[in-house]
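# A closer look at the structure
Now for the letters of each chain:
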Amino acid sequence: MTWMRGITCQLQQWKAARAQWKADMAEFKVAQKEARRKGERPENPGPPPTGFSLLPWLLMGMGSFSNLLQGKTSNPWIGGLGLFLFNSLYIYVVFRSFVKEKRQAVSTLVALIVMGLITCGLALGYGGSWLYFFPLLGLATGAVVRGPRLGQVGLALTTLAAAVSVYRAGWDAINVAYGTFLSTMVTAAILSLSEAVRELRAAREELARRAVEKERMRFSRDLHDLLGHTLSVIVVKSEAARRLAPRDMDAALDQITDIESVGRQALTEIREAVTGYREGSLATELDRARSALSAADIAPVVRQSGPPLTPQNEALLSWVVREAVTNVIRHSGATRCEITLDGVLDRVRLTIADDGPGDGGTAATDPADADTIGIGIGGTGLKGLTERLATAGGSLLAGPSPRGGFTVTAELPVEAAELTSSGVAASGSTAPREP
């Protein structure tokens, strides 16, 4: 039968909830002992409360049950049926009250209203110990009704309990109304506070998880940009030294000296990236880009204009120069690379353009080199730069140029912040500079 199947399913759910609660409680006790052993304050507030925590209050109805067994209640079958229905609805309501979706369901509110009708009927019909079903009704009401309507519902239930108690037992039973009010408000307050504490704890754990994820992303981007650029420069300068060694040993030694300098600088930058305190200097990065492009037989042209930049913008644009120039050297097959920095209204714009075919002799054939500038914005390096600039309110565009070659354009808002002494203006004039 359908109703028997429903009862069986409900009993199975309660059994599973009980087993889960016992497991959570055992884990909580172990955590408590471990925290006390280490002399720390335990952060785990314990397993969340369930309907089992409100079941012991059903003992308040033992007086009515005793009256039924002793034959002190007229129409015992009606009283017994009422007691059974009230206890069943109480268990149903309190177990649903700990799940927000079920607590707000219409079926839960209907069950609570039926409980109220049964309580009024039993209290008016029998009085005495049957009046103590009102505080039990208050417990169920406080568990279900939380929020702005709690005060109104609590006062209405208290008034109803007071009226029925005075009618059946006179003013001596007014304490039933007081108990009803306390059980309603205190239950709602404790459960709401417990729920808020757990939500705050969950939010703190989520924030911590996101902070770790954000730091992991920052670290991976920094290592990618640092190592990709540095190793590319070392490879290019090593090739230049190999070509120069047979005919010009002094020039080859200069390239080897540059390799040593780049390696030492890379070690310093990696240490700074690990600690999170690296702030790039755009002027230094432009000088390094010019040197790396020249070593790769690519003519660099650097144009700079506009006001000095903030340290944050300098650091972000330094990353753009580093990544774009690395890709030009590794993959473009270009003979000329133009780097233009200027201020446009309230934004600063950096453009790196080359004249290469994009698939020249230095194009990547290894899948590990998938972040080539020739394949657009989808590469790992450019994707990381796009995220960096978007966080600061900027943008990054990359794609083939109408005149041929490839162009990367980065824009950032001009920030009214403290200017750095190593800003763009300190690096020279506004006229094009050839190597």
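Positions within a chain are numbered from 1, following the residues in the order the chain's sequence is written. Where local features are concerned, this predicted model is filtered to residues with pLDDT of at least 70; where side-chain atom pairs are given and counted, the filter is 80 or more; whole-chain, interface and lining totals use all residues. Heavy atoms from the whole structure form the basis of all side-chain values; hydrogens and water molecules are not counted.

## Quick look at the overall build of the protein
Every helix listed is a DSSP run of H or I at least four residues long, and every strand listed is a run of E at least two residues long, numbered separately from the N terminus. In terms of regular secondary structure, the protein is built from twelve helices and five strands. Only heavy atoms enter the contact rule, under which two residues are in contact if any of them lie within 4.5 Å. By sequence separation, contacts in the protein at least 24 residues apart represent 72% of the contacts at least 6 residues apart. The Shrake-Rupley method, run with a 1.4 Å probe sphere, supplies the accessible areas, and residue values consider only the shown protein chains as cover. In the form shown here, the protein has an accessible surface area of approximately 23,900 Å², with 62% of it arising from carbon and sulfur atoms.

## Things to note about the confidence of the model for the protein
For every residue, the predictor states its confidence as a pLDDT score lying anywhere from 0 to 100. Per-residue confidence for the protein gives a mean pLDDT of 78, with 80% of residues at or over 70. Confidence, read as mean pLDDT per element, is least for helix α1 (residues 2-38) in the protein (68) and greatest for helix α6 (residues 133-144) (92). Contacts from residues 359-378, a stretch scored under 50 in pLDDT, to residues over four places away or in other chains number 43 contacts. Considering only residues more than four positions removed or in separate chains, one finds that residues 416-435, a stretch of pLDDT under 50, has 40 contacts.

## A look at the pattern of salt bridges
Should the charged atoms of two oppositely charged side chains come close, the side chains can pair. Any carboxyl oxygen of Asp or Glu that lies within 4 Å of a side-chain nitrogen of Lys or Arg is treated as forming a salt bridge with it. For the coordinates displayed, the defined rule picks out 14 salt bridges. Here E206 makes a salt bridge to R210, at a shortest N to O gap of 3.0 Å. Linking E206 with R210, this pair stays in helix α8 (residues 174-244), spanning four residues, or about one helical turn. In this structure, E411 and R347 form a salt bridge, with 3.2 Å as the shortest nitrogen-oxygen distance. Taken as a pair, E411 in strand β5 (residues 406-413) and R347 in strand β3 (residues 347-354) lie far apart in primary sequence, 64 residues in all. Under the relative-accessibility criterion, E411 is labelled buried at 18%. Throughout, exposure labels follow a simple rule: accessible area from a 1.4 Å probe, protein chains only, divided by the maximum for the residue type, with under 20% read as buried, over 50% as exposed, and the rest as partly exposed. Residue R347 is classed as partly exposed on the basis of its relative accessible area of 24%. Residues participating in the shared-partner salt-bridge network are E206, R209, R210 and E213.

## Quick word on the packing of α6 against helix α7 (residues 150-169)
A fitted line through C-alpha atoms serves as each axis, taken over the contacting stretch for helices, and the angle formed by two N-to-C directions is quoted from 0 to 180°. The N-to-C vectors of α6 and α7 enclose an angle of 170°; their axes lie 11 Å apart at closest approach. Put simply, α6 runs roughly antiparallel to α7. Here α6 contributes F134, L137, G138 and T141 to the contact with α7, which in turn contributes V153, L157, L160, A161 and V164. Tallied by class, residues from the contact of α6 with α7 come to seven nonpolar, two polar and no charged. Angles are sorted into four bins: roughly parallel if under 35 degrees, roughly antiparallel if over 145, roughly perpendicular if 65 to 115, and oblique for all others. Throughout this entry, Asp, Glu, Lys and Arg are counted as charged residues, while Ala, Val, Leu, Ile, Met, Phe, Trp, Tyr, Cys and Pro are counted as nonpolar. The remaining residues, Gly among them, count as polar.

## Quick look at the environment of V99
Here V99 lies in the loop between α3 (76-96) and α4 (100-103). Taking the C-alpha atoms as reference points, V99 and T50, 49 residues apart in sequence, are found 9.1 Å from one another.

## A look at unusual backbone geometry
The backbone phi angle of N75 is positive, close to 50°, even though this residue is not glycine. As for its position among the elements, N75 is in the loop between α2 (62-69) and α3. One non-glycine residue, D297, adopts positive backbone phi at about 60°. Turning to its location among the elements, D297 is positioned in the loop between α10 (282-295) and β1 (299-304).

## With respect to α7
For a helix, the expected span equals 1.5 Å multiplied by the number of residues minus one. Between the first and last C-alpha of α7 there are 28 Å, a value that for 20 residues agrees with the 28 Å anticipated at 1.5 Å per step. Residues of α7 that are buried include every one of L150, G154, L157, T158, A161, A162, V164 and S165, and no others. Once α7 ends, the next one or two residues include G170, with phi positive near 75°.

## With respect to the side chain of R288
Positionally, R288 belongs in helix α10. In this structure R288 touches H229, T230, Q265, E269 and R322, once residues within four positions along its chain are discounted.

## Observations regarding the nonpolar core
Of all hydrophobic cores here, the largest spans 37 residues; its most connected members are Y90, L112, M115 and F134. Among the elements of the structure, α3, α5 (106-126), α6, α7 and α8 are those that each provide at least two residues to this core. If sequence neighbours within four positions are ignored, L112 has contacts with V93, L137, A140, T141, V144 and V145. Throughout this description, the term nonpolar core refers to a set of buried Ala, Val, Leu, Ile, Met, Phe, Trp, Tyr and Cys residues connected via side-chain atoms within 4.5 Å. In this structure, L293, W319, V328 and L412 belong to the second largest nonpolar core, which totals 36 residues.

## Observations concerning α10
Across its 14 residues, α10 extends 20 Å between first and last C-alpha, which sits within 8% of the 20 Å expected from 1.5 Å per residue. Within α10, ten of the 14 residues are buried, which leaves it mostly tucked inside the rest of the structure. Of the positions making up α10, those classed as buried are L282, A283, E285, L286, R288, A289, R290, A292, L293 and A295. One or two steps after α10, the chain reaches D297, where phi turns positive at roughly 60°.

## Quick look at the side chain of S332
Inspection of the secondary structure assignment puts S332 in helix α11 (residues 311-332). Among the polar contacts listed, one links the side chain of S332 to the backbone oxygen of V328, at a separation of 2.6 Å. At 3.1 Å, the side chain of S332 and the backbone nitrogen of A334 are in polar contact. In the analysis that follows, any N or O atom pair within 3.5 Å is treated as a polar contact, provided that within protein one partner can donate a hydrogen and the other can accept it, and provided that, for residues neighboring in sequence, both atoms belong to side chains.

## A short note on the packing of α5 against α6
Running from N to C, α5 and α6 cross one another at 170°; their axes reach a closest spacing of 10 Å. Taken together, the axes of α5 and α6 are roughly antiparallel relative to one another. When the axes of α5 and α6 are compared, the crossing they make is left-handed. Taking contact as the criterion, the partners of T108, L109, L112, M115, G116, T119, C120, L122 and A123 in α5 are, on α6, F133, F134, L137, A140, T141 and V144. Looking at side-chain class alone, the contact of α5 with α6 contains eleven nonpolar, four polar and no charged residues. Helix crossings get a hand from a simple test, with the near helix turned counterclockwise from the far one by less than a right angle marking a left-handed crossing and a clockwise turn marking a right-handed one.

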